[in-house]
Amino acid sequence: MMDSITQKAGIIAAAAFGVVLVSTAGYSSVSAQGLPEGFKKGELAPEPSAEMIEAGKRVYFTKCVWCHGVDGAGDGPGADRLWPRPRNFNQGTFKIRHTASGELPLFDAKKPVPGQNDLFETVTHGLPGSAMPPWEGILSEEQRQQVLSFVTTQLVKDRKFTDKQSESQTILQLADLKPKPATDESKKRGAELIVEKKCVECHGMEGRGDGNAFNLKDDWGFSIQPANWHKCWNFRGSRQDPYNVSNIFRTFSTGVNGTPMPSFADNTTVDERWDIANFVNSLCERDTLGNPLPIDPLTDKPKINFVIPSDPVEGEIPTDLEHEAWKKAPKRYVAMGGQITHKPRNFVNRLDDIWVRSLYNDKHIVYLVEWDDRTKSVAEGKLPWAPTQVNIDIKEQDPKTGEEGSIAAHQNNYAVYNDAIGIETAVKWKELPAPIKPRYLFGTSEQYPMDIVKWEADGSLRAFKGTGWDKDFEERDNYEEAMKLLKAEWVNGRWYVMIQRPVGNKKDQDYDEDTFFEVGQYIPTVFFAWDGHNGDAGRKMAVSAFYYTFMNPPVPQETYIYPVIIAVGVVLLEGWVLTRRSNKKKGKTL
Amino acid sequence: MKALMSLGALIGVAGLLLLGGMFFDIVPSSTVRLVEGYMPIQLLLEVACYVIGFTGLSYMMNAMGMAIPRFWQGIGFWIFLMVYLKYRVYPPIPFSVRAMYGTVGLVTVFMWISANEEDWTKFKQPIMNVLDAQTGGKRILRYAYLVLLPILIGGFSFNAMLPKSEEPIELRTVHPAPPASTKVHGKTYTLQTSQNPYRVNPEGKYDQEFSNANIVEQGMGRLMKPNSNPWDEKNQGYLKYVREGGEIFFQNCHFCHGDNLNGRGLHAFAFNPIPANFTDPGTIAQLQETFIFWRVSKGGIGLPNEGFPWASVMPPWEQHLTVDEIWKVVLFEYWHTGYYPRTWD
C-alpha cells in the first residue's frame, strides 16, 4: 500500500517535473523553478576547526603531497607518469558526489552523514582504476577528516565550501530512493534509454568506452576516456562495491565534474535512471551463472585463478564463439600490468586485463583471447623494424608534463602501431625442476628459452623463440605453417582472437624450440598485450604474471569404479561392526 | 568464578554472533578488520577469545541444567575451527594447510575428550546408543547411517578422484641470502661495510641518531613528526634527501609498491609474487640498508633461484637509476614507514 502511494507520488512528481522541464527546455543547469527529481536542497557544512586544518596539513605532507603537489594543483612528483592524473584541488572540481552537476561535493568535518560525506568516502575507498588507493586502515577516520579539512579550506582556492553567496548544495537523496528491481523489463528499457540519451556516443554500442574516445578532454585539457561498463571494478565511484547499482545511479544523476560526463538528472526521471543503472550494471562481467565475479579485497579487482583449464573436444575445434564447447569452457580473467621492468617502461598501460578460454583435441590446442581495446589499431605502412627485433627505438614515457614527450602531451597522440597479443610458453618446462621456469620476459637463455606466439592486428601470426629480455627473437623454422589463426575480429571495442597451434610431441617437433603441451600437466604460460594507439611496440606493452595452461584429461574409468568398491567396503565394515557389537552384548566372544 | 564464567559466556556469544553476522552479510564483513602486519597475532587472539568464550558458555549451560553432551562439544568445536580457518582467515589458506590444521585440531579434541576414563565413556556413549538401537528413534538413525555412510564416502572418493586443476603451491624465499658484495655502475660495494651516503646530519656527517630522530612516528597513519617536514625548503641533510628520494619513489616505485608503500600499487594486482609491503614489520624493518641497496640495484633478475628470479617483475634499477638515486629511495622507504634499518652490530 505504502509502496503504491509513493509510486503514485513519484509519478505525479515526475509528471510535474516533466512540465517544468518542457517549460524550461533549453536550460541545462538546475533552474530556480524546481529541483531535479530525487534531489533536495541542503545546507552548507560549517568550516572545520583550525586544529583540524593544522593536523590535516601534517597528514597531507606525509601522504598526499607526492602526487597532489605542494599547492594541491595535482602536480606532485608522481603526477607526470600517471594517467588519469591526480586531482588538481585548486578549482574545487570533484568527480564523485551526491550534489548536482557543478556543485562542490559534500564534506562535513563536524557532523558527517555516513555514506554521504563524499570526499571522506573518496579518501576511504579510493578511486579504483586510478592510482588513488583506499586509505581506510591506513589513516584513522579522524586523520581522513583532518586531511580533508586541510584540502577543502587551504588547497581549494577558487571556491569556498562555506560561501553561501556563491555555493549551494542540491543533494541526491540516495538513501531514500529504493533501487528498482533489475527485471528484464527494466534492463530492456535501460538498453533503449542509453541509445535515446546518447550514452552510446561516448561509451560505445556495447558500453566498452570505445565511442568518441579520442576527442575527450577534461577541464584542464588532459585527455580522458569514457568508462568501460564491462569493468565495474574500475568505476571511480564504485566505493569498493562495484556491483552495487546505486553507485551507477549516483554517478548518472550527478555527472562527473570536470569531465564531459554530464548529469542526467534534468532530463530523466528517477525511474528511468534506475532502468539505465540496472542495464549498465548488468553489463559488468559476470560468471557463467550470471553471478557477480568475486572481488579480491586486497586489489579491488576480480580474484585471480592462475590455472587456465583447457577442455578436450572430439574432432575439429569449433571456431564459432556460440558453440556449446566454447560456452562451456571456463573463462579466466588474466590481469595485465604495464611492463616496467626494462626500458622502455610502460607506466600507462591501457590494457589491464584479458579473458582467456582454451580447448584442445589430439592434435591442436586453441586459445581464445578476448580483451577490451577502445581503438582498433593497425599500423599504416610497414613498421620500421623487423618482427624479430626486440631492442627497437621506442621512447619511454617521459616524466615532465608540459614538455614534449610527456605522457600528458602524448596521450592519444602516439604514432599508431599494431594491436597485438602474445602467448608465451616455456620450452623444456619438464626439464626444469618445479617451480623453476625460464624468465617471464622472453626467456632466460639459449638453454632455457621461451616459445612465443604473436598475433598482430595486420593479420600476421608468427612464432618466435625468446632467449632473454634483450635478445632479438629467433624465427622458428616452418612452425608458422603449423599454426592457424581461426579468428581475429574487433567488434565495438573488443578483440576476439582465436589462435590454434600444435600440441606437439617429441617425435616430429623441435624439442629445443617448441613447447609440448602434455595432458594433465601445468604448462607455464605468460600473456603479452600491445595497444597500438598507446604507442605500444617491442617491450613497451602490458604483461601478465605466470599462469598455467592445464589440459584437463578426460575422466578416467577408475574414477567411476573405485568409489563403488569403496562404498561396498564400507557396507561390509558396517556389517562387521554391528555383528561384533551384538555378539559382545550377548556375551559371546569370537 | 561464576562471574568470570558468565563474562566468558558473554564473549563467546558475542563473538559467535559477530562472526555469523559477518559470514551471512548481516553486519558488514569489515566490522572486525584484519590489520595488515598484525594478522597472525590477531587471529591467535581471536581464537583464544573463542576458547574462553566456549568454556564460559559450556559452564553456564551446565549450571542452568542444559549441559551439551561432551560428544557434541567436541564435534562442534572442531567444526567451528574448520569454518573459522576457511572463511575468516584472509588471504585464504590452501586446502592442504587447512587439512593439516584440521588434523592437529582433531587430535587435540580427542586428547581433550579422552583425558580420563569417565569423559571417554561419556563421549562414546551416544555412538554406542546408536549401535545398540534400543529405541525406535535410534533404530531409524542407525539405518539412516547404514545407508548414508557408504553413499557419502563413495561420493567423496569420486570427487577426490575427478581430475582437478588446482594451482600448484610454490614457496618462495622472500629475503634470500645476500652476496658479500655487489657491483653497481662499475663500483663494488661491500654489503657489510657500505653506508647510505645520504643518512647525514645538516653538517653532512653520517648520523644515524639524527635520521632516526626525524622519521615518521609509529602508530596509526605513520605521520611525520610535526617539525620534520621533508617539504620544508630550509631542510639540509637527511630530510632534504628524503624528499628527493620520495620524488624518485613516486616516479618509479609506487606503481607496484603503492602510495603507502604497502605493496598495493596500480599494477600490483597483475603480478605474482606480489610486490613487497614495506609497512609490514617483516620486510625492510628486518634488513640492513645495504641489503635493500643490493635488491633495488639488481632487481628480480638478480635474485638467487630460491627468490624466483623468473617470475619477479622487480626492475634491476641500475638500468634506470643512478647509485645516488637508489640510496635516496632506500632512505625514503625507511623514513616513510618509520622503521630503523638494521645494523650489522
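Predicted model only: the values in this text are computed from it and were never measured. (Residues numbered from 1 in each chain as written. Chains lettered and ligands numbered in written order. Predicted model: local features only at pLDDT ≥ 70, side-chain atom pairs only at ≥ 80, totals over all residues. Heavy atoms only, no water.)

1. Thoughts on empty space enclosed by the protein
With a probe scaled to a water molecule rolled over the atoms, the places where space remains empty come into view. Residue and element names in this part refer to chain A. Here the structure, examined in full by the defined rule, presents two cavities of 30 Å³ or more. Considered as a void within the structure, the largest cavity measures approximately 570 Å³ in volume. Taken together, 31 residues form the lining of the largest cavity, with His68, Arg87, Phe89, Leu127 and Met132 sitting closest to its centre. Mapped by element, the contributors of at least two residues to the lining of the largest cavity are α2 (50-68), α3 (118-125) and α4 (141-155). With six residues, the top contributor of residues to the lining of the largest cavity is α2. Partitioned by chemical class, the residues of the lining of the largest cavity number 22 nonpolar, three polar and six charged. (1 Å grid on protein atoms, 1.4 Å probe; cavity = no way out; pocket = protein on both sides within 12 Å on 5 of 7 lines; lining within 4 Å. Points joined across faces, edges and corners; volume = space filled by probe spheres on them. Helix = DSSP H or I, 4+ residues; strand = E, 2+ residues; numbered from the N terminus. Nonpolar A, V, L, I, M, F, W, Y, C, P; charged D, E, K, R; others polar.)

2. What about the pattern of salt bridges?
All names here are of chain A. Applying the stated criterion across every chain yields a total of 42 salt bridges over all chains. Between Lys430 and Glu518 there is a salt bridge, and its shortest N-O distance comes to 3.0 Å. One end of the pair, Lys430, is in the loop between β10 (420-426) and β11 (450-456); the other, Glu518, is in the loop between β15 (494-502) and β16 (522-530), with 88 residues separating them in the sequence. With a closest N to O distance of 3.8 Å, Glu489 and Lys487 form a salt bridge. Among the residues examined, Glu489 registers a relative accessible area of 36% and is labelled partly exposed. (Salt bridge = Lys/Arg side-chain N within 4 Å of Asp/Glu carboxyl O. Buried < 20%, exposed > 50% of the residue type's maximum accessible area, 1.4 Å probe, protein only.)

3. So, the state of the cysteines
Tallying each qualifying case throughout the model produces one disulfide over all chains. The disulfide that involves A:Cys232 links it to A:Cys284, with 2.1 Å between the sulfurs. Handedness here is read from the sign of the S-S torsion; for A:Cys232 and A:Cys284, about -75°, the answer is left-handed. Remark: A:Cys284 occurs in the loop between α8 (270-283) and β3 (295-296) and A:Cys232 occurs in the loop between α6 (199-203) and α7 (245-254); sequence separation between them is 52 residues. You can call A:Cys284 buried: its relative accessible area is 2%. A:Cys67 takes part in no disulfide bond, and the closest cysteine sulfur to it belongs to A:Cys64, at a distance of 9.2 Å. The closest cysteine sulfur to the non-disulfide-bonded B:Cys256 is located on B:Cys253, 9.1 Å from its own sulfur. With a relative accessible area of 11%, B:Cys256 lands in the buried category. (Disulfide = S-S within 2.5 Å.)

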